[in-house]
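# Structural description and commentary
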Amino acid sequence: MKRKHNPTLTPNARALRKAMTPQEKQLWYGFLWGYPIPILRQKVIDRFIVDFFCSKARLVIEIDGSQHDRKQGVAHDFERTQYLQGYGLTVLRFANTAVDADYENVCNTIDKVIGQLLRTEKNSNPDLLP
């Protein structure tokens, strides 16, 4: 399934880049910004803005605050994940508390998942790339 471009969300994505949470900033400036393959922050994918996106690995990384623990947040995240997976994307979610308490493990997990995804054949289909 090809992703539709949604330019109406671009201003929101730009604003979110300027207003990242402390955990997003820590992950971005401490790990993702210098990662050996490009990772984008606050990337528009169809009707959503994802926290981080690695096109080459087809990976979405989300950093979730406490609002995601509520019933409505859990349901929204499930729908969002299912939708993004429909594009052939993998979605990794970490709670803010995980970034705060176990930052090294979060970074190691991201690195490991990217490595695994880059070795799979699903990433060789350019028609699926958003």
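Throughout what follows, the structure given in this document is the object of discussion. Quick caveat, the model's predicted, so the values are computed rather than measured.

We now examine the pattern of salt bridges. Using the criterion set out here, one finds four salt bridges in the structure. Measuring nitrogen to oxygen at the nearest pair gives 2.7 Å for the salt bridge that ties Glu79 to Arg47. Linking Glu79 in helix α3 (residues 71-85) with Arg47 in the loop between β1 (40-45) and β2 (48-54), this pair joins segments that are 32 residues apart in sequence. Given a relative accessible area of 35%, Glu79 falls into the partly exposed group.

With that settled, consider the nonpolar core. Core analysis: the biggest nonpolar cluster contains 22 residues, and Leu27, Leu59, Ile61 and Ile110 have the highest contact counts within it. At the level of elements, α2 (22-32), β2, β3 (59-64), β4 (90-95) and α5 (103-118) are the ones that each hand at least two residues to this core. Take this core: its biggest share by element is six residues, from α5. Sequence-distant contacts of Leu27, that is, excluding residues within four places in its chain, are made with Leu32, Phe52, Ile61, Ile63, Tyr103, Val106, Cys107 and Ile110. Membership of the second largest hydrophobic core comes to nine residues, among which are Ile45, Phe48, Phe53 and Val60.

What follows deals with α2. Three- or four-residue spacings in an α-helix give side chains the same orientation, since the helix completes a turn every 3.6 residues. Burial in α2 covers these residues: Gln23, Glu24, Leu27, Trp28 and Leu32. The buried side chains of α2 occupy one side of the element, clustering within an arc of 130° when seen end-on. In this structure, α2 carries Pro22, Tyr29 and Gly30 as exposed residues pointing more than 90 degrees from its buried face. Among the structural elements, β1, β2, β3, α4 (96-101) and α5 are those in contact with the buried residues of α2.

Strand order in this open sheet of four strands is β1-β2-β3-β4, and the pairing throughout is mixed. Because the sheet does not close on itself, it has two edges, and the strands there are β1 and β4. Each neighbouring strand pair of the sheet contributes to a mean axis angle of 45°, computed without reference to strand direction. The pairing of β2 with β3 spans three bridges and is classified as antiparallel.

The subject of this paragraph is unusual backbone geometry. A positive phi angle, near 60°, is found at Asp46, a position not held by glycine. Mapped onto the secondary structure, Asp46 falls in the loop between β1 and β2. Positive phi is not limited to glycine here, since Arg58 has a value of about 60°. Along the chain, Arg58 falls in the loop between β2 and β3.

For the rest of this paragraph, the subject is the environment of Glu24. Within the secondary structure, Glu24 sits in helix α2. With 75 residues separating them along the chain, Glu24 and Val99 place their C-alpha atoms 8.6 Å apart. Each residue touching Glu24, except ones within four places of it in the same chain, is listed here: Gln42, Asp51, Phe52 and Ile63.

The rules behind each value
- Residues numbered from 1 in each chain as written.
- Predicted model: local features only at pLDDT ≥ 70, side-chain atom pairs only at ≥ 80, totals over all residues.
- Heavy atoms only, no water.
- Salt bridge = Lys/Arg side-chain N within 4 Å of Asp/Glu carboxyl O.
- Helix = DSSP H or I, 4+ residues; strand = E, 2+ residues; numbered from the N terminus.
- Buried < 20%, exposed > 50% of the residue type's maximum accessible area, 1.4 Å probe, protein only.
- Core = buried A, V, L, I, M, F, W, Y, C linked by side-chain atoms within 4.5 Å.
- Contact = heavy atoms within 4.5 Å.
- Arc of directions from axis to C-beta.
- Pairing = 2+ DSSP bridges.
- Axes fitted to C-alpha atoms, helices over the stretch in contact; angles between N-to-C directions.

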